[in-house]
Every structure is written in C-alpha cells, then in structure tokens.
Amino acid sequence: MKVFRAHILVCGGTGCRASGSESVHQAVVREIAVKGLSDEVAVVETGCNGFCAMGPVMVVYPEGILYVMIKPTDIPELVQEHLVKGRVLQRLLYREPVTESERAVAQILSQVLDVEKVGADDSFFDLGGNSLSAMRLAARVSDALGVSVSVRDVFDASSVRELVVAVAGRGAALPAVKAVVPRPGRIPLSFAQQRMWF
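Conventions used here
- Residues numbered from 1 in each chain as written.
- Predicted model: local features only at pLDDT ≥ 70, side-chain atom pairs only at ≥ 80, totals over all residues.
- Heavy atoms only, no water.
- Salt bridge = Lys/Arg side-chain N within 4 Å of Asp/Glu carboxyl O.
- Helix = DSSP H or I, 4+ residues; strand = E, 2+ residues; numbered from the N terminus.
- Buried < 20%, exposed > 50% of the residue type's maximum accessible area, 1.4 Å probe, protein only.
- Disulfide = S-S within 2.5 Å.
- Phe/Tyr/Trp six-rings, centres within 6.5 Å; stacked < 30°, edge-to-face > 60°.
- Axes fitted to C-alpha atoms, helices over the stretch in contact; angles between N-to-C directions.
- Parallel < 35°, antiparallel > 145°, perpendicular 65-115°, else oblique.
- Left-handed = near helix turned anticlockwise from the far one by under 90°.
- Contact = heavy atoms within 4.5 Å.

1. Some remarks on the pattern of salt bridges
(1) Moving on: Tallied over the entire structure, the rule returns 12 salt bridges.
(2) Moving on: Two residues, glutamate 40 and arginine 5, come together in a salt bridge whose shortest N-O distance is 2.6 Å. Here glutamate 40, found in the loop between helix H2 (21-34) and strand S2 (41-46), pairs with arginine 5, found in the segment before strand S1 (6-11); they are 35 residues apart in sequence, far enough to count as distant.
(3) Moving on: Classification of glutamate 40 as partly exposed rests on a relative accessible area of 33%.
(4) Moving on: Across the pair glutamate 81 and lysine 85 runs a salt bridge whose closest N-O atoms are separated by 3.6 Å.
(5) Moving on: Glutamate 81 sits in the buried class, given a relative accessible area of 17%.
(6) Moving on: What emerges from the salt-bridge pattern is a single network uniting Arg95, Glu102, Asp121 and Arg161.

So this is what it looks like as structure tokens:
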C-alpha cells in the first residue's frame, strides 16, 4: 500500500457537481502532476460533504482544512500555497458568522437565496443573488438590524461581514407607515385626480 503525505478529497456529490467539481478535480490532478507531486499527494473524489451551497468543496488532509467555492482557476495558487509552501489559503476557507448581526444577515441571506448555509465571507452574488433578490435582502436586513440598507450597499458590500460593517453605525431606518386613525369618511382627492376627473 502506497503512503501519501497528503490527501485531497474533492466533493463529487450532486450539489458540488452542479457547481463544477469535475473541472476542479481535473485541475487538481493536472496541477499536482505539473508540480511533480503525484507520488506524494493523492486526489480522491468523495460523496457529498454536506456543504452543497458552498460547492465545489475540497478537504486537504492530514490538516483537515476545508476549502469552499473553489474554481479551477484557484487550483494553481492552492497547490502552490498549501501543498508546496505549507500555508493555508485563507481566502477559500469557510468562516462562521461571529457577531449577532452577522448571524442575522447570514440567516436572512440563506432564506432569500434558499441556500442551506451561509458563511461570513460568502458573496451574495456567488451564492446566486441578483438585483431582484438584492432588493429583498436590503429590505429584510434593514428591518432586522434597524438601520437603513440600500440595494447599492448590497452591491458594494456583497459578503455578510462586509455588509454588516458597511451599515454599522448608520441611522435608523424609516419607521413603518402607520394608518391614519381615525380615517375620514370621505378621503379627499389629490390635485392630479381633481384635474383628471373634474
């Protein structure tokens, strides 16, 4: 039995395959061959790791480092940094939301985009967000945090952590519209309605 100094497990589950794990797997095999590490590093395709929303995912052993949302273009840097230099590639790690505000925004983002798990550094657009869902996200985050959040904020600060930092210390959102009580028996026409009808 051959002993390897490292094992790379690339998720081959349905969710990761839909996100492009096959091309990531091929890129890993190619890059390891280019670096001359084929005798030292084993690449294994696994079943689902349970992070479908973060796919494609990859775990590097013996450290047990979980990399998420990997693209084939990330592989040369990942192999160079992690396997050659022994340094963890920070930008591809999954990070849990830490503060109460981050957890609230992550939960809202999860609901708006219908994804299972959202990390603090996950990008709204990488998870499938668009301009319509950005409006929903801005309104719900504004309500949850009690501050004014615009669609522009979502575009400029697309990760959970960035959005929380961007809106921190902002003024309160506009209060909810309240019905006039008591309501008059006859509601007066606006000037535009008067011009059209009379």
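Read on for the rest.
2. Things to note about the state of the cysteines
(1) Moving on: Tallied over the full model, the rule gives 0 disulfides.
(2) Moving on: No disulfide involves cysteine 16; its nearest neighbouring cysteine sulfur is the one of cysteine 11, lying 3.1 Å away.
(3) Moving on: We classify cysteine 16 as buried; its relative accessible area is 1%.

3. As for the packing of aromatic side chains
The description of two aromatic rings rests on the distance between their centres and on the angle between their planes.
(1) Moving on: The full count for this structure, using the stated rule, is 2 aromatic pairs.
(2) Moving on: When the centroid spacing of 4.8 Å and the interplanar angle of 80° are considered together, the rings of phenylalanine 124 and phenylalanine 125 count as edge-to-face.
(3) Moving on: Judged by centre distance (5.0 Å) and plane angle (45°), the ring pair of phenylalanine 125 and phenylalanine 155 falls under tilted. One end of the pair, phenylalanine 125, is in the loop between helix H4 (100-113) and helix H5 (131-145); the other, phenylalanine 155, is in helix H6 (residues 151-156), with 30 residues separating them in the sequence.
(4) Moving on: Relative accessible area serves as the criterion here: at 38%, phenylalanine 155 is assigned to the partly exposed category.
(5) Moving on: Within the aromatic cluster, the residues linked to one another by ring pairs are Phe124, Phe125 and Phe155.

4. A closer look at unusual backbone geometry
(1) Moving on: The amide bond that connects tyrosine 61 to the next residue, proline 62, takes the cis arrangement and shows omega of 25°.
(2) Moving on: Looking at the element boundaries, proline 62 is found in the loop between strand S3 (58-61) and strand S4 (65-67).
(3) Moving on: Despite not being glycine, methionine 69 has its phi angle at roughly 50°, a positive value.
(4) Moving on: You can call methionine 69 buried: its relative accessible area is 15%.
(5) Moving on: For aspartate 114, which is not a glycine, the phi torsion comes out positive at approximately 55°.
(6) Moving on: By the element assignment, aspartate 114 lies in the loop between H4 and H5.

5. Looking at the packing of H2 against helix H3 (residues 75-84)
The geometry of a pair of packed helices is captured by two quantities: the angle between their axes and the separation between those axes.
(1) Moving on: Packing of H2 against H3 brings their axes to within 9 Å, and their N-to-C directions diverge by 55°. The angle between H2 and H3 places the two elements in the oblique class. Crossing handedness for the pair H2 and H3: right-handed. Between H2 and H3, the residues in contact are Val24, Ala27, Val28, Glu31 and Ile32 and Ile75, Pro76, Val79 and Leu83, respectively.

6. Quick notes on H3
(1) Moving on: Buried within H3 are the following residues: Ile75, Leu78, Val79, Glu81, His82 and Leu83.
(2) Moving on: Following H3 by one or two positions, glycine 86 adopts a phi angle in the positive range, close to 75°.

7. Some details on the environment of arginine 170
(1) Moving on: The residue arginine 170 is located in the loop between helix H7 (160-167) and helix H8 (191-197) in this model.
(2) Moving on: In this structure, arginine 170 is in contact with Val147, Ser148, Val149 and Asp153, ignoring residues within four places of it in sequence.

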